[in-house]
Amino acid sequence: QRVLKSDEFFVAYLTTAVQPDELLVETRLPAMPPRTGSAFMEVSRRHGDFALVGIAATLTLDDGGVCTASTIALTGVGPTPIVARDAVRTLVGVKPTPPAFEEVGRRVSHGVTPDGDLHASSDYRKHLAGVLTRRALTLALARVTGKSAGNGAPRP
């Protein structure tokens, strides 16, 4: 038996650290704090395809609506999932707003160096990373506050 952290588990595209004589039997995820909203968004060429870019976002607010924590994790922009720690730091300590989400999206977009392939260029993946970051944060905020995301997404 062995326990791996996510940065040890994911090795490369479609490759994990699971050995031929091993079986993955459990995944442990910490419970989200109260007043936390989350969202996952992805773009793929066809339904069911691997995502060109995928974004998982969380946003935690205090009672006054100030962000106390946020995470952004990306797929499709590198050989392993990427956590955009630096990009979300600008949200902590402020009330989340569309301009703040725009800045985080810009930082995410500039902070990734995806490979291009026959499905999408590197520039397109960078652009998608920024757009999906803004959208996912907006939806996470709507889910924490109970307000409409304003992008056609249903209220939780």
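All of these numbers come straight from a predicted model, not from anything done at the bench. (Residues numbered from 1 in each chain as written. Predicted model: local features only at pLDDT ≥ 70, side-chain atom pairs only at ≥ 80, totals over all residues. Heavy atoms only, no water.)

A. Representation of the overall build of the protein in the model. In terms of regular secondary structure, the protein is built from four helices and six strands. When the helices and strands of the protein are placed in sequence order, the string is α-β-β-β-β-β-β-α-α-α. Here the protein has a C-alpha radius of gyration of 16 Å; the compact-globule value for 156 residues is 15 Å, and the two agree. Dimensions of the protein, computed from the C-alpha atoms along their principal axes, are close to 50 × 40 × 30 Å. Counting the 156 residues in the protein, one finds 34% classified as buried. For the protein, the accessible area works out to roughly 10000 Å², and carbon and sulfur atoms hold 55% of it. Distance between charge centres in the protein, computed from 18 positive and 15 negative side chains, equals 8 Å. (Helix = DSSP H or I, 4+ residues; strand = E, 2+ residues; numbered from the N terminus. Rg over C-alpha atoms; globule rule 2.2 N^0.38 Å. Buried < 20%, exposed > 50% of the residue type's maximum accessible area, 1.4 Å probe, protein only. Areas by Shrake-Rupley, 256 points an atom, 1.4 Å probe, with all protein chains shown as cover. Lys, Arg positive; Asp, Glu negative; His and termini not counted. Charge placed at Lys NZ, Arg CZ, Asp CG, Glu CD.)

B. The packing of aromatic side chains, seen in detail. Applying the stated rule across the entire model yields one aromatic pair. Considering the side-chain rings of Phe9 and Phe10, the 5.1 Å spacing of their centres and the 85° angle between planes classify their relative orientation as edge-to-face. Exposure remark for Phe9: the relative accessible area of 17% places this residue in the buried category. A relative accessible area of 35% places Phe10 in the partly exposed class. (Phe/Tyr/Trp six-rings, centres within 6.5 Å; stacked < 30°, edge-to-face > 60°.)

C. Broad picture of the sheet that holds strand E4 (residues 53-61). Strand order in the open sheet made by the four strands is E3-E4-E5-E6, with antiparallel pairing throughout. Two strands bound the open sheet, and with one partner strand each, they are strand E3 (36-43) and strand E6 (82-83). Pairing analysis gives eight bridges linking E3 to E4, with the strands arranged antiparallel. Within E4, the position partnered with Met41 by the bridge is Ile55. Most of the contacts of helix H4 (residues 122-145) go to E4, to which it runs at about 35°, and overall it touches E3, E4 and strand E5 (67-75). (Pairing = 2+ DSSP bridges. Contact = heavy atoms within 4.5 Å. Axes fitted to C-alpha atoms, helices over the stretch in contact; angles between N-to-C directions.)

D. The pattern of salt bridges, seen in detail. According to the stated counting rule, one finds nine salt bridges in the structure shown. Across the pair Arg46 and Asp49 runs a salt bridge, and its minimum N-O distance is 3.1 Å. By relative accessible area, which is 51% here, Arg46 ends up exposed. A relative accessible area of 28% places Asp49 in the partly exposed class. Note that Glu103 and Arg107 form a salt bridge whose closest N and O atoms lie 2.8 Å from each other. Separated by four residues within a single helix, Glu103 and Arg107 lie in helix H3 (residues 98-111), roughly one turn from each other. For Glu103, a relative accessible area of 25% translates into the label partly exposed. What makes Arg107 partly exposed here is its relative accessible area of 37%. (Salt bridge = Lys/Arg side-chain N within 4 Å of Asp/Glu carboxyl O.)

E. Expanded view of the nonpolar core. Counting 31 residues, the largest nonpolar core has Leu59, Ile72, Leu74, Leu91 and Val108 as the members making the most contacts within it. Sorting the residues of this core by element identifies E3, E4, E5, helix H2 (85-88), H3 and H4 as the ones contributing at least two each. Ranked by residue count, the leading element in this core is H4, at nine residues. In contact with Ile72, not counting residues within four places along its chain, are Ile55, Ala56, Ala57, Ile82, Val83, Ala84, Val88, Val108, Thr133 and Leu137. (Core = buried A, V, L, I, M, F, W, Y, C linked by side-chain atoms within 4.5 Å.)

In short, shape yes, function no, at least from these values alone.
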